[in-house]
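One-letter residues, chain by chain:
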Amino acid sequence: MATFLYRLGRGAFRRRRFVALVWVALLFAAGFGAASASAPTSGSFSIPGTEAQKAFDLLEQRFPGMTANGATARIVIKAPDGAKVTDPAPKAQVEKIVSGLKGGAGADQIASVDDPYQSKAISQDSRTAYISAKYKVSGMELTDATRDALKESGQAAQAAGLTVEIGGDALMTAPETGSGEVIGILIAAVVLVVTFGSLIAAGLPLLTALIGVGIGVSSITALANVLDLGSTTSTLAMMIGLAVGIDYALFIVSRYRVELAEGRERDEAAGRAAGTAGSAVVFAGLTVVIALVGLAVVNIPMLTKMGFAAAGTVVIAVLVALTLVPAILGFAGKKVLPAGTKSRLFGKGKPAGAEPKANGGTRWARFVLRRPILVLLAGVIGLGAIAIPAGKLEMGLPDDGAQPVSTTQRRAYDLLSDGFGPGFNGPLMVVVDGDKALADKTVDRIKGLEGVAVVTPPMPNKAGDAAIINVIPKDRPSSTETEKLVHTIRDGSGDDVLVTGATAMNIDFSQKMNDALVPYLALVVGLAFLLLMLVFRSVLVPLKAALGFLLSVVAALGAVVAVFQWGWLGSLFGVEQTGPIMSMMPIFMVGVVFGLAMDYEVFLVTRMREAYVHGERPGQAVVTGFQYSARVVVAAAVIMIAVFSGFIGASEQMVKMIGFGLAVAVFFDAFVVRMAIVPAVLALLGHKAWWLPKWLDRILPNVDVEGESLRKHLGESAQGPDKDRELVNA
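If you're wondering where the values come from, they're calculated on a predicted model, not measured in any experiment.

What counts and what doesn't
- Along each chain, the written sequence defines residue order, and numbers are assigned to residues from 1.
- For this predicted model, a pLDDT threshold of at least 70 governs which residues receive local features, and a threshold of 80 or more governs which side-chain atom pairs are given and counted, while totals over whole chains, interfaces and linings are taken from all residues.
- Based on all heavy atoms of the structure, the side-chain values leave hydrogens and waters out of the count.
- Patch definition: residues above 30% relative accessible area lacking any salt bridge, with like charges linked at up to 9 Å and the nonpolar side chains Val, Leu, Ile, Met, Phe, Trp and Tyr linked at up to 5 Å.
- The Shrake-Rupley method, run with a 1.4 Å probe, gives the accessible areas here. Residue values count only the displayed protein chains as cover.
- Salt bridges are defined by distance alone: a side-chain nitrogen of Lys or Arg within 4 Å of a carboxyl oxygen of Asp or Glu.
- Numbering of helices and strands runs from the N terminus; a helix is a DSSP stretch of H or I covering at least four residues, while a strand is a stretch of E covering at least two.
- For the exposure calls, accessible area comes from a 1.4 Å probe over protein chains only, and a residue counts as buried if that area is under 20% of its type's maximum, exposed if over 50%, partly exposed in between.

Attention now goes to a nonpolar patch on the surface. On the surface, Ile 373, Leu 377, Ile 381 and Leu 684 cluster together into a nonpolar patch covering about 400 Å² of accessible area. In terms of residues, the nonpolar patch owes the most to one element, helix H14 (residues 372–387), which gives 3 residues. Within the secondary structure, Ile 381 is located in helix H14.

Listed below in structure tokens is the structure:
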């Protein structure tokens, strides 16, 4: 592989105009497709194999049109103290809202509007009422005129002294990342300038990463409606694509600079950079792709699509690093080198064969080697303490109750809870697959259950072979009492009585995530062990890497629970409302963090193994690895943390939570696990760290991430670590 990548990089450098033209053409084509495509919808949501989904499918068969994926809105009106919504003046204002929605701007997208006085949508104290509006299209497809008409529908009533708030998904808009994303990119730029000492070299990874992300995100946008991708899919793909795109280009550029410092011609330096650092980029990218694609085993279509979309962006980032980066290096010439001859990158101007001055990575490695047990205990105990909140993890799907109190959706949610009861925002829909007798029997049984506030009479379909029963719990939708009620209804019913609705779907989704977490974790950790055994020709090094990965993920989950569920330091991260952790968060973090953790493991430990193979003692091999790889790994980690942290400012709670979780996970894995626990464990293991049974060594294929075959192809002979100074990274 190294030889092929060498030829690819060298060819891209020599044919840089053609390569650059192809990538620019792809960018314009993807951009044109995104611009001409219709706006993405919120995406359909299904949970195959669950009772809630079976009930939903039954509804589609027996009640055609009832499950149409149109947006809904609830305009909640509350009368002031001493008044009722049934009084003449408030009633006139409410009816004005109804008529305005039916005949005002955006009425062509309205499917129906229910008058609360006819539908009896009035609280017992007659102070609160709500208007239900259904639209023909999803919330993402509503025009600005329709959405503005909805927002302005209650202004006259508010002026008359009524409280009017709006809930539902009709106000849904594409998630905004705010200025945090830009700040993250600016921090990445600063890190690159400090690392390279050259504006040209610093700008190159940013430019190529933005091109790759532009192609990936534009392609997702263009195909969003065709593939039924959710509105947050492109945001998550952008988050991951930016991080890995900058990092992969960083490794190629830094290696290219080292090759130039060794006196090689520019095209030869580009080829060698692609053949050596590029091999590690391919492997690292492959681990990320496999982990993201592996999300398909959970069998949640939405999560599968998110994984595939993000994996596609990572593939583009790898291809950009292997082709476009060498091509742009051809245009940049030697301007990628730092100003001055005494660059920190190349040992302050010392000859190539001279022993470079000990840098920060060397000093840190020697410190760890002197106190390996202390460092190991500090790292493990520290991450273990942070992981403690993960034991109290509560998972769920966000609803309007999880919105900030400053939003009208949250205020509408609270008004409905106050006026109609906590369970009104999460009604259960019981679908009876049978005649009226079975439906009446089911109603009688549910009325006698603890935790039930209201049970409506059964609503049969036209054929009379199915009915719908609405059940309003006494407790809020996300409470354990409501979850128990769902299970109680199900346990006492046969296969012809099914429970669905948003609350039941949420419960089933969380349960499916819980059930899939351990198998998926076993798949990912097993894959990590196998891949790293191929790379490092060792049994204990992959085991240590996998255990370290688990530690960093659990610690990151603990931090997420502490901030988003418990509210610790919540104001610092813009968390206005605490609540359950998004159900897909643990599995999504496992998939993404696994790939990123393996990046740092590969880039750091391959240099240690190379030094050990060339005759260095185990401890000295650790020092050598840190001397030549620590700085670039630190820079890559800081860039990823900056990019992920930029998404903490997003308006969408899911994006905010994922950005925080990934940023914290990268911090823990890069700076605690890889930079502290890994060298401490290797120091304690000594020669045993690199042990591999001979029979296993014979049957395992040689992936050659270090580029040994390339050196043989080029007619070079390894002469120990001094000969291999060209492997130095920035």
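A few words now on the pattern of salt bridges. Here the structure, examined in full by the defined rule, presents 19 salt bridges. Between Arg 62 and Asp 433 there is a salt bridge, with its nearest N and O atoms 2.8 Å apart. Taken together, the residues span a long stretch of sequence, with Arg 62 in helix H3 (residues 51–62) and Asp 433 in the loop between strand S6 (428–432) and helix H16 (436–447) at a distance of 371 residues. Overall, Arg 62 belongs to the partly exposed group, its relative accessible area being 24%. By relative accessible area, which is 30% here, Asp 433 ends up partly exposed. Close ionic contact of Arg 127 with Asp 81 constitutes a salt bridge, the shortest N to O distance being 3.1 Å. Remark: Asp 81 occurs in the loop between strand S1 (72–78) and helix H4 (88–103) and Arg 127 occurs in the loop between helix H5 (116–119) and strand S3 (128–135); sequence separation between them is 46 residues. According to the relative accessible area criterion, Asp 81 is exposed, its value standing at 70%. If you follow the salt bridges from partner to partner, you end up with Arg 10, Arg 14, Asp 267, Glu 268 and Arg 272 in one network.

What follows deals with unusual backbone geometry. Here Lys 120, not a glycine, exhibits a phi torsion of approximately 60 degrees, which is positive. Within the fold, Lys 120 resides in the loop between H5 and S3. Backbone geometry places Asn 299, a non-glycine residue, at a positive phi of 65 degrees. Here Asn 299 falls in the partly exposed class, since its relative accessible area comes to 40%.

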